[in-house]
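# Observations on the three-dimensional arrangement
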Amino acid sequence: MDPMTALREVQLNGAVAQAKHATELLARIEANPDALQLHEEAYSLYDAYLNDPYLTKIQE
């Protein structure tokens, strides 16, 4: 999964703070798409979102 797709999922389904961070990262990656550090940060946020024990995810 590319970092933009991962961040959009967090933006739509994450906790409030996670969604806000995802929005900020999306803007930063769009401005600088070659910044590998931002990609790593995006995947780290996505991993935190996936493993958040307090976040109920709706499965369709």
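Residues numbered from 1 in each chain as written. Predicted model: local features only at pLDDT ≥ 70, side-chain atom pairs only at ≥ 80, totals over all residues. Heavy atoms only, no water.

### Observations concerning helix 3 (residues 36–50)
In a regular helix each residue adds 1.5 Å, so 15 residues correspond to 21 Å; helix 3 covers 21 Å between its end C-alpha atoms and thus fits that length. Residues L38, H39, A42, L45, Y46 and Y49 constitute the buried set of helix 3. One side of helix 3 holds all its buried residues, which, seen down the axis, span an arc of 125 degrees. Summarising the geometry of helix 3, the exposed residues directed more than 90 degrees from the buried face are L36, Q37 and E40. Packed against the buried residues of helix 3 are helix 1 (3–13) and helix 2 (16–31). (Helix = DSSP H or I, 4+ residues; strand = E, 2+ residues; numbered from the N terminus. Expected span 1.5 Å × (residues − 1). Buried < 20%, exposed > 50% of the residue type's maximum accessible area, 1.4 Å probe, protein only. Arc of directions from axis to C-beta. Contact = heavy atoms within 4.5 Å.)

### Re the packing of aromatic side chains
With the rule as written, the count across this model stands at one aromatic pair. Where Y46 meets Y49, the ring centres are 5.8 Å apart and the plane angle is 40 degrees; that geometry is what we call tilted. Placement of both Y46 and Y49 in helix 3 is noted, with a separation of three residues, approximately one turn of the helix. Across the pair, exposure class does not vary: Y46 and Y49 are buried alike. (Phe/Tyr/Trp six-rings, centres within 6.5 Å; stacked < 30°, edge-to-face > 60°.)

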